[in-house]
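Here is how the chains run, residue by residue.
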Amino acid sequence: MKTIIEPFRIKSVEPIRMTTRAEREAKLKAANYNLFALKSQDVIIDLLTDSGTGAMSAEQWAAVMRGDESYAGSPSYDRFREGVQALMPFKHIIPTHQGRAAEAILMSIFGGKGKHIPSNTHFDTTRGNIEASGAEASDLVIAEGKDSTSLHPFKGNMDLEKLESYLETHGDSVPIVMITITNNAGGGQPVSLENLRAVSELAKKHGKPFIIDGCRFAENAWFIKQREEGQQARSIRDIVRDCFTIADGMTMSAKKDAFGNIGGWIAFNDDSVAEQARVRLIQTEGFPTYGGLAGRDLEALAQGLQEITDEDYLRYRIRTNEYIIERLDALGIPVVKPAGGHAVFVDAKRWLPHIDPLHFPAHTVACRLYEIGGIRSCEIGSVMFGRQPDGTEKPAAMELVRLAFPRRTYTQSHADYLVEVFEMLKAEKDSLKGFKITKEPNLMRHFTCEFAPLAG
Ligand SMILES: *Cc1c(COP(=O)(O)O)cnc(C)c1O
């Protein structure tokens, strides 16, 4: 069959409240043009993030009822641990309430002043936890990973030469080597199995534990199966196991590829590292058989891990992005190619060259997408990265609009609607003027800052 359908039918629905353009313009103005300040009932299609926003299956909801809420020794923990170990055969599996809690624990063990921690690209909370510990975070993705026009099949790969010289230069001050699959901050681009193996070997050669941030492991394995030589006949679960058996540990946000609305974990093989992690966990999250979660959450994740590696699901998931990218491309709208795993990225610097990066072209596109069609997206550009520690402004490397897709939540007609909104925006885009920031905190400003449109 040529047509790829959503491989599910709908048992329980959440109504979408339709609004008019005039209503949305008023809502956005009242929110001081910050999309994070909108109420979700005022959004028609919410593509702000794929984190924790997916739909749970009937089996997951059934598992929720089986949750055992015992403080210690809950069988729900055993099912969770077995679900993780079936894919990621680490000896110690420690639940946390989210990915960032796992990162905070990891950095309490390996971080600290004077340390250097490399990755392909650290996700922003990972970087935040590294820097909060006093260590330095370095991004060593291949050059193609930063070029929105490169068609390299594994744009998330680590630059192995850079990693080798980094390990030689920084020597003992490197406590661990990390890698993020898929590379979220780099557009959801995958890392090849070959690259993972090479990074693992380099880490081993230099005596460093190799830790995978595995948030989108199933999407990454799908790309390996599609694009890497010799992987086509293998099952997703076998590919996933290959990725993790060569690592010494992992961090995970179960709000991504575990179909959870909340959850995470940290895992290690080393007994003494795991013991340090558990001590920290008890201080900050909870007892080691529940972490920061309820027994019912652990059950939902154990079931989610069964479902996330389903090939029909992954085919539909990745095809959604490809489909939207093909259609936007046909409209002449610059998009990051090839399609990543969890989101479509529009290159607003190339699309709206008349708007200065410090007048936020990607934010301008995001605001107009909301006004025209009630679509909420996320700016990844100079609003997010432009403010420097000394308070000055510097344009970000790229001005991207991210349309992140909640898992199993929207259908093809939602995608067609999105394309139509872009088509309408195309007709208006040359008249757009950009924004200025009128009020901002001094850190992580994109969540709470206020904007005013620049007058034409
Ligand atoms: C979401 C995410 C995290 C952080 O996880 P939370 O559950 O949001 O705390 C870490 N790394 C990557 C790659 C992510 O996408």
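This structure is a prediction, so every number in the text was calculated from the model and none was measured.

Engineer: What is the right way to look at the overall build of the protein chain in this model?
Structural biologist: Along the backbone of the protein chain there are 16 helices and 14 strands. Its C-alpha radius of gyration of 22 Å places the protein chain within 12% of the 23 Å reference for a compact globule of 456 residues. The C-alpha extent of the protein chain, read off along each of the three principal axes, is 65 × 55 × 45 Å. Burial analysis of the protein chain (456 residues in total) assigns 56% to the buried set. For the protein chain, contacts bridging at least 24 residues in sequence account for 71% of all contacts bridging at least 6. In the structure as shown, the protein chain presents an accessible area of about 19,200 Å², 52% of it carried by carbon and sulfur atoms. For the protein chain, the separation between the mean place of its 55 positive charges and that of its 61 negative charges on side chains is 3 Å.

Engineer: Please clarify how the sheet that holds strand S2 (residues 92-96) should be interpreted in this entry.
Structural biologist: Backbone-to-backbone hydrogen bonds join strands into a sheet, with any given pair of strands oriented parallel or antiparallel. One open sheet holds the five strands; their spatial order is S2-S8-S7-S6-S5, and the pairing between them is mixed. On the outer flanks of this sheet lie S2 and strand S5 (177-180), each paired with one strand and no other. Between one strand and the next, the sheet's axes are offset by a mean angle of 15°, whatever the strand orientation. Here S5 pairs with strand S6 (residues 210-213) via four bridges, running parallel. Directly across from Ile179, in S6, lies its bridge partner Ile212. Contacting S2 and strand S8 (264-268), helix H10 (residues 271-284) crosses the sheet at an angle of about 20° to S2.

Engineer: What is the right way to look at the site of the ligand in this model?
Structural biologist: Taken together, 14 residues are adjacent to the ligand, and Arg100, Asp213, Arg216, Ser253 and Lys256 come closest. Asp213 is positioned such that a nitrogen or oxygen atom in its side chain is 2.7 Å from a nitrogen atom of the ligand. Arg216 places a side-chain nitrogen or oxygen 2.8 Å from an oxygen atom of the ligand. Bound to the protein, the ligand loses 97% of the 380 Å² it would expose on its own. In terms of residue count, the dominant contributor to the shell around the ligand is helix H4 (residues 99-110) (three residues). Here the residues of the shell around the ligand are counted per class, giving two nonpolar, six polar and six charged.

Engineer: Before we go on, may I ask you to explain the pairing of S5 in this structure?
Structural biologist: The side chains of a regular strand alternate, residue by residue, between the two faces of the sheet. Residue alternation in S5 divides its side chains into two sets, Val177 and Ile179 and Met178 and Thr180, and both sets are buried. Assessed by its sense of winding, the connection that carries the chain from S5 through helix H7 (residues 193-205) to S6 is right-handed.

Engineer: In this structure, what is going on with the sheet that holds strand S11 (residues 378-380)? I would like to understand it.
Structural biologist: The strand order across the open sheet formed by three strands is S9-S12-S11, and the pairing between neighbours is antiparallel. Of all strands in the sheet, those bounded by a partner on one side alone are strand S9 (343-347) and S11. Ignoring strand direction, the axes of neighbouring strands in this sheet form an average angle of 30°. Across five bridges, the pairing between S9 and strand S12 (residues 400-404) is antiparallel. Counted as the bridge partner of Ala343 is Ala404 from S12. Strand contacts of helix H14 (residues 361-373): S11 and S12, with the helix running at about 40° to S12, the strand carrying the most contacts.

Engineer: In this structure, what is going on with the side chain of Gln231? I would like to understand it.
Structural biologist: Note that Gln231 resides in the loop between helix H8 (217-227) and helix H9 (236-245). Among the polar contacts made by the side chain of Gln231, one reaches the side chain of Arg234 at a distance of 2.8 Å. Each residue touching Gln231, except ones within four places of it in the same chain, is listed here: Leu193, Ile224, Lys225 and Ile239.

Engineer: Explanation requested: the nonpolar core in the structure shown.
Structural biologist: One broad rule of soluble globular proteins: the nonpolar side chains tend to lie buried together. With 54 residues, the main nonpolar core has Met88, Ile179, Phe210, Phe217, Phe244 and Trp265 as its most contacted residues. With six residues, the single largest contributor to this core is H8. Here this core spans two domains, and each of domain 1 (21-50 + 310-453) and domain 2 (58-307) adds at least three residues to it. Excluding residues that lie within four positions of it along the chain, Ile179 makes contacts with Ser119, Asn120, Met158, Val191, Asn195, Leu196, Val199, Phe210, Ile211, Ile212 and Asp213. Ranked by size, the runner-up nonpolar core spans 48 residues in total, among them Val43, Ile375, Leu418 and Phe451.

Engineer: Got a minute to help me understand the environment of His122 in this structure?
Structural biologist: Its place among the elements puts His122 in the loop between strand S3 (116-119) and helix H5 (124-132). The class for His122 is buried, based on a relative accessible area of 4%. In this structure the C-alpha to C-alpha distance between His122 and Gly186, which are 64 residues apart in sequence, comes to 9.2 Å. Apart from residues lying up to four places away in sequence, His122 is in contact with Ile117, Arg127, Ile130, Ala137, Ser138, Asp139, Met178, Thr180 and Ala185. Of note is the side chain of His122, whose polar atom sits 2.8 Å from the backbone oxygen of Ile117.

Engineer: Explain the pairing of S2 here, please?
Structural biologist: With five of five residues buried, S2 lies mostly within the body of the structure. Side chains of S2 alternate between two faces, with His92, Ile94 and Thr96 and Ile93 and Pro95 buried alike. As defined by bridge partners, S2 adjoins S8 across five bridges and the pair is classed as antiparallel. Within S8, the position partnered with Ile93 by the bridge is Ala267.

Engineer: Just checking my understanding: could you explain the domain arrangement of the protein chain for this structure?
Structural biologist: A common way to state how big an interface is: give the accessible area lost once the parts meet. In terms of domains, the protein chain is made up of domain 1 (21-50 + 310-453) and domain 2 (58-307). A C-alpha centroid distance of 27 Å is found between domain 1 and domain 2. Counting from both sides, the interface comprises 23 residues of domain 1 and, opposite them, 28 residues of domain 2. Where domain 1 abuts domain 2, roughly 2,200 Å² becomes buried across the two surfaces, and 54% of that area is made up of carbon and sulfur atoms.

Engineer: What exactly am I supposed to notice about the pattern of salt bridges here?
Structural biologist: If the charged atoms of two oppositely charged side chains come close together, the side chains can form a pair. Considering all chains together, one arrives at 37 salt bridges under this definition. Between Arg21 and Glu25 there is a salt bridge; the shortest N-O distance is 3.0 Å. Here the residue Arg21 and the residue Glu25 both occupy positions in helix H1 (residues 21-30), the gap between them amounting to four residues, near one helical turn. Here Arg21 falls in the partly exposed class, since its relative accessible area comes to 28%. Among the residues examined, Glu25 registers a relative accessible area of 33% and is labelled partly exposed.

Thresholds, definitions, all that
Residues numbered from 1 in each chain as written. Predicted model: local features only at pLDDT ≥ 70, side-chain atom pairs only at ≥ 80, totals over all residues. Heavy atoms only, no water. Helix = DSSP H or I, 4+ residues; strand = E, 2+ residues; numbered from the N terminus. Rg over C-alpha atoms; globule rule 2.2 N^0.38 Å. Buried < 20%, exposed > 50% of the residue type's maximum accessible area, 1.4 Å probe, protein only. Contact = heavy atoms within 4.5 Å. Areas by Shrake-Rupley, 256 points an atom, 1.4 Å probe, with all protein chains shown as cover. Lys, Arg positive; Asp, Glu negative; His and termini not counted. Charge placed at Lys NZ, Arg CZ, Asp CG, Glu CD. Pairing = 2+ DSSP bridges. Axes fitted to C-alpha atoms, helices over the stretch in contact; angles between N-to-C directions. Near = heavy atom within 4 Å. Polar contact = N/O pair within 3.5 Å; in protein donor to acceptor, adjacent residues only side chain to side chain. Nonpolar A, V, L, I, M, F, W, Y, C, P; charged D, E, K, R; others polar. Right-handed = clockwise from strand over helix to strand, strands pointing away. Core = buried A, V, L, I, M, F, W, Y, C linked by side-chain atoms within 4.5 Å. Domains from an automatic or database assignment. Buried area = accessible area lost by both parts, 1.4 Å probe. Salt bridge = Lys/Arg side-chain N within 4 Å of Asp/Glu carboxyl O.

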